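Take a look at the letters that make up each chain.
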Amino acid sequence: MDNERYSRQLILKGFGVEAQNKLINSRILVIGAGGLGCPILQYLVTAGIGTIGIVDDDTISLSNLHRQILYATNDIDQPKVKVAAKRLRLMNPETHIVEHELRLDKSNIFNTIESYDIIVDGTDNFDSRYMINDVCAILQKPLIFAAVAGFEGQLAIFNVKNEQGIATNYRDLFPISPLPGEVSNCAENGVLGVLPGIIGSMAAAETIKLVTGIGQPLISKMLHYNLLNQATYTLNISPGNDYFLPESKADFLLSNEEQLCPKTPVFEEIDLATMQLLQEEASALVIDVREKHEFPLLNKEIFLQVPMSEFNTFVQNNIAAESIVLLCQHGIRSVAAAELLQEKYGHTKKIYSLKGGISKWRNHFLTKQNE
Amino acid sequence: MKLEIISFGKISEFIRQQQIEISDVINTDQLKSYLETSFPQLAGMKYKLAINQNVIQSNQSLKNEDKVAIMPPFSGG
């Protein structure tokens, strides 16, 4: 170890050689070498982490440069992993840089992740984030989660036990992934270059704290940061019970097919006539997912009432009907309910949502009431 | 009952930080349906509620001056 290189952190009270040795002996995998990945990599490499893996399959484009600060204009069209590795080796030749020029998928994620101590997620899409979360949860691998949207950022540490011996993962916050298009990303929404710089630097700080044991890392806490007013807000995460997580690598490889592919809904949005047909000919179970206080009230003999707020509990029971139609006031919550049923039943049941909901077909539902 | 609402990301575009005064809501399930009725855009979104900075995993009763946070998932990087 070159003491002079690390001298300013070696003389830090509460850090010193002991902490520096922990950094040198650690193996960190940074997934995504973009807006978040660049500052994460720079600060981890300069801090003296022993081995750093970089995962990315993308090439550098001009629109990346305002935030992806490892890259220069003459790097355009080059693979990010190659350019980042070259630059980082110059910054600190003492860190061993491993290039993983690939896109993580079911077939390679276990092999890529397994040999690292801590995983840092700086990816830019939910499919990758949920896959990384699930594999890290199965392997009980510490995961630093960093994400940005608009002028705000999120930062959390998962799969590390807190003082009560409890660990959490991303699904304890958001049990199922938003559908494509439901939440916009940087490409659609825009981002100020400095924001991933700030959140990425904070993620690097959390990684260093976790490795060296200094301070209070954000274990099972979600930090929110708002660049516009410099406000932070920290939430305590407790384990949830309303999601499915594979228990082992074998389980993951078997069960996760649907989740890793881009989601194509297997439920169908239907109109009133189709719903009536399904009721008559397929004896479909029709479920009203509105809360109990909402009007108009429907005939409970025809429409089973399961408010959205109780739906997760309801889903745990087995439904006998082969066809299920979900409805609500505007046809939005019924889509969320259909997704939950789809998660459980996949293609084994026919799941429908009444498009436009009760408000669109109000006359029909009001007449039904008067019968 | 008086509640303080804070929200993040896209949700803060239609639910501003505010104090609300509600009489018939006593727990988080009822609060969720109150919010989804008052702000229909919320009903179609993934979000998590926290009360006084603790994430809610099952229905929980509310008390006066509780601080409610509404958090959406972020994926950008």
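Parameters and conventions
Residues numbered from 1 in each chain as written. Chains lettered and ligands numbered in written order. Predicted model: local features only at pLDDT ≥ 70, side-chain atom pairs only at ≥ 80, totals over all residues. Heavy atoms only, no water. Pairing = 2+ DSSP bridges. Helix = DSSP H or I, 4+ residues; strand = E, 2+ residues; numbered from the N terminus. Contact = heavy atoms within 4.5 Å. Axes fitted to C-alpha atoms, helices over the stretch in contact; angles between N-to-C directions. Buried area = accessible area lost by both parts, 1.4 Å probe. Salt bridge = Lys/Arg side-chain N within 4 Å of Asp/Glu carboxyl O. Polar contact = N/O pair within 3.5 Å; in protein donor to acceptor, adjacent residues only side chain to side chain. Nonpolar A, V, L, I, M, F, W, Y, C, P; charged D, E, K, R; others polar. Expected span 1.5 Å × (residues − 1). Buried < 20%, exposed > 50% of the residue type's maximum accessible area, 1.4 Å probe, protein only.

Participant: So what's going on with the sheet that holds strand 11 (residues 304–305) of chain A? Which residues, and what values?
Facilitator: Residue and element names in this part refer to chain A. The strand order across the open sheet built from five strands is 9-13-12-10-11, with neighbouring strands paired in parallel fashion. Across the chains shown, the open sheet's two edge strands, defined by having one partner strand only, are strand 9 (268–270) and strand 11. Pairing between strand 9 and strand 13 (residues 350–354): three bridges, direction parallel. Paired with Glu269 across the strands is Ser353, a residue of strand 13. Against the sheet, helix 13 (residues 333–345) makes contact with strand 9, strand 12 (323–327) and strand 13, and its axis sits at roughly 175° relative to strand 13, the strand it touches most.

Participant: Can you tell me about the interface of chain B and chain A, naming the residues and giving the values?
Facilitator: How large an interface is tends to be reported as the accessible area lost when its parts come together. At the junction of the two partners, chain B supplies 29 residues and chain A supplies 47 residues. When chain B packs against chain A, the two sides together hide about 3100 Å² of surface, and 58% of this comes from carbon and sulfur. Inspection of the chain B/chain A interface yields one salt bridge. The closest approach of N and O atoms between Glu339 of chain A and Lys46 of chain B, which form a salt bridge, is 2.9 Å. For the pair chain B and chain A, the number of links is 16 residue pairs in polar contact (both at pLDDT 80 or more). Contributing elements (two or more residues each) for the side of chain B that touches chain A: helix 2 (28–38), strand 3 (48–51), strand 4 (54–55) and strand 5 (66–71) of chain B. Counting residues per element, the side of chain B that touches chain A draws most heavily on helix 2 of chain B, at four residues. Residue classes in the side of chain B that touches chain A are distributed as 12 nonpolar, 11 polar and six charged.

Participant: Got a sec to walk through helix 8 (residues 194–212) of chain A? Specific residues and values, please.
Facilitator: For the α-helix, the turn length of 3.6 residues means that residues three or four positions removed from each other point alike. All names here are of chain A. Relative to the 27 Å expected for 19 residues at 1.5 Å per residue, helix 8 spans 27 Å between its end C-alpha atoms, a close match to the ideal helical length. With 14 of 19 residues buried, helix 8 is to be regarded as a mostly interior element. Just beyond helix 8, the residue with positive phi is Gly213, at close to 80°.

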